[in-house]
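# Working through the structure, step by step
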Amino acid sequence: MRSVDHLDAILGDARVAGLPVLPIGEGTNVLFAGDYPGLVLRLQLGGVVETPADGDAMTIRAAAGERWPPLVRRTVARDWYGLENLTDIPGSVGAAPIQNIGAYGAELADVLVEVDTYDLADGGRATVAAANCQLGYRSSVFKLQPDRRVVTSVVLRLQPASRAEIRAGYPGVADQLRRLGAGARPTARQLSDAIGQLRAQKLPDPATHPNAGSFFKNPVVAADVYAALHEQSAAPGWPVGDGAVKLSAAWLIEQCGLRGRRWGAVAVSRRHALVLVNEGCRSGQELVAAAAAIRDAVEERFGVRLETEVRVVESEERTSP
Ligand code: NAP
C-alpha cells in the first residue's frame, strides 16, 4: 500500500469487506502464531519533509513506510539532536509511535509533535497531537486500541546542538563515546555511532539471526514488591514515578539460568537474554511455547509475570497486545 488513496481503494474492495485488517510496517515486532484470517496491510508510504521551526529547531514529517534507521542517520548527519539514542531500532517510522519506541534513556515521546492517522472503520483522516497519543512505557493509544487507526505519518521536532539534551547515562555509553574521541558535548553523530556500536555488540543481528529484539517488556512493579524482591535477590530496579519501579526482564530471565537455553529451533540468545532467536522453527507456535516457558520460569522464581513486547498475532481474530 503506497498511498492513502490506495488505502481507500483496497478497503472499498468488496473482496475484503468484513475481513479483519492488520496494518504492519516491516513486521519487525510481530510474531504470527498462525495464519492471519484477514487482510494484512503492509504500509509502504514514503517521503520525508524537513521544515525549519522556531527557536532553531527542525520539524520533520516522515511517512509511515520510511525505515526508521535511515531516518535517524539522516538527522544525525545534519547534527540534529533527538533521535540519536534511538539509532538502529529496526522497523518503520509508522510503527514508532505505536509502542513509543525507546532506548538508552530516550523515547519517541521526547520528540513527537503529532501523528497523522487513517481510520480503518470509516476512512477518516485525522491529526492526533502527541499529548493525545497516551504515550507511555512502550505503549500508546494506538497499541491500547489496536487496528482501529493506521498511522500514515509522524511529525518530529529536533533540536540544534546549542539546545540539545545529551543522554549518555546508560551503561557503556560514556565509555563508548570516549573511545570515539568525543568531548563533553558529543555530536549527534558521535552519540549515534556509540549507541549503534553498543547495540551491535550486544544484540544478535536480525538479518543473520532472525529475532524481534526485546521479546518481553521490562516489568513495572510497586515499590513494596520491588523492596521484597531486592532483599531476596538484589534485583536491579529503576524508579519510574508514582512509587513504581522498573525491573530488568533480561536480568530476571538470566537469573533463571535461561540465557542460551533452547527449545527445538528456538533459543534465548547467548548474547542477550531478552532476545529469542529463531534458528529455523517452522511455526510461530514454537516461539509462543518457548516464551510461555520463560514467562512461567520467571513467575515461579520471582512472582513477576512478564508481558510480551512483541505483538503476538493469533490465528483467530483475537490478537494479544
Ligand atoms: P542494559 O543496559 O543491559 O540494561 C538492562 C535494562 O535496564 C534495560 O532494559 C533498561 O531499561 C534498564 N536500565 C539500564 N540502565 C538504566 C538507567 N540508567 N535508567 C533506567 N533504566 C535503565 O540494556 P540493553 O538490553 O543493553 O538495552 C539498552 C537499551 O536499548 C535499553 O534502553 C533497551 O530498552 C533498548 N533496547 C530495546 C530493544 C527493543 O527491541 N525494544 C532491543 C534492544 C535494546 P529500558 O529498556 O527501559 O531502557
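All of the points below concern the structure found in this document. (Residues numbered from 1 in each chain as written. Predicted model: local features only at pLDDT ≥ 70, side-chain atom pairs only at ≥ 80, totals over all residues. Heavy atoms only, no water.)

### A few points about the site of the ligand
Near the ligand there are 17 residues, and of these Tyr170, Lys202, Lys246, His272 and Glu309 occur at the shortest range. Take Ser214: an N or O atom from its main chain is 2.9 Å from an oxygen atom of the ligand. Here an oxygen atom of the ligand and a side-chain polar atom of Asn218 are 2.8 Å apart. In the complex, the protein chains occlude 83% of the 790 Å² of accessible area that the ligand would expose alone. Looking at the shell around the ligand, the elements that each hand over two or more residues are helix 5 (188-202) and strand 11 (211-214). When its residues are assigned to classes, the shell around the ligand shows seven nonpolar, five polar and five charged. (Near = heavy atom within 4 Å. Polar contact = N/O pair within 3.5 Å; in protein donor to acceptor, adjacent residues only side chain to side chain. Areas by Shrake-Rupley, 256 points an atom, 1.4 Å probe, with all protein chains shown as cover. Helix = DSSP H or I, 4+ residues; strand = E, 2+ residues; numbered from the N terminus. Nonpolar A, V, L, I, M, F, W, Y, C, P; charged D, E, K, R; others polar.)

### Regarding the layout of surface pockets
There is about 160 Å³ of room inside the second largest pocket. Taken together, Pro204, His209, Gly260, Arg262, Ala267, Val268, Ser269, Arg270, Arg271, Val277 and Glu279 make up the full set of residues lining the second largest pocket. Residue composition of the lining of the second largest pocket, by class: four nonpolar, three polar and four charged. (1 Å grid on protein atoms, 1.4 Å probe; cavity = no way out; pocket = protein on both sides within 12 Å on 5 of 7 lines; lining within 4 Å. Points joined across faces, edges and corners; volume = space filled by probe spheres on them.)

### Side note on the sheet that holds strand 15 (residues 262-263)
Taken together, four strands build an open sheet; the order of strands is 11-17-16-15 and the sheet is antiparallel. Either end of the sheet is taken by a strand with one partner, and the two such strands are strand 11 and strand 15. Pairing geometry for strand 11 and strand 17 (residues 275-278), over two bridges, is antiparallel. Across the sheet, Ser214 pairs through a bridge with Val275, a residue of strand 17. (Pairing = 2+ DSSP bridges.)

### Here's the deal with the nonpolar core
Ranked by internal contacts, the top residues of the largest apolar core, which has 40 residues, are Trp68, Leu71, Leu83, Leu108, Leu112, Leu156 and Val173. When contributions to this core are tallied by element, the ones reaching two or more residues are strand 5 (58-63), helix 2 (68-77), strand 8 (112-119), helix 3 (141-144), strand 10 (149-158), helix 4 (173-179) and helix 5. If one sorts the elements of this core by residue count, helix 5 sits on top with five residues. Beyond its immediate chain neighbours, meaning those up to four positions away, Leu71 contacts Val48, Ile60, Ala62, Leu83, Val93 and Leu156. Ranked by size, the runner-up nonpolar core spans 33 residues in total, among them Ala249, Ala273, Leu274 and Val298. (Core = buried A, V, L, I, M, F, W, Y, C linked by side-chain atoms within 4.5 Å. Buried < 20%, exposed > 50% of the residue type's maximum accessible area, 1.4 Å probe, protein only. Contact = heavy atoms within 4.5 Å.)

### Comments concerning the side chain of Glu314
Along the chain, Glu314 falls in the loop between strand 18 (311-313) and strand 19 (319-320). If we skip the residues at most four places from it in the chain, Glu314 touches Ala33, Asp35 and Pro37.

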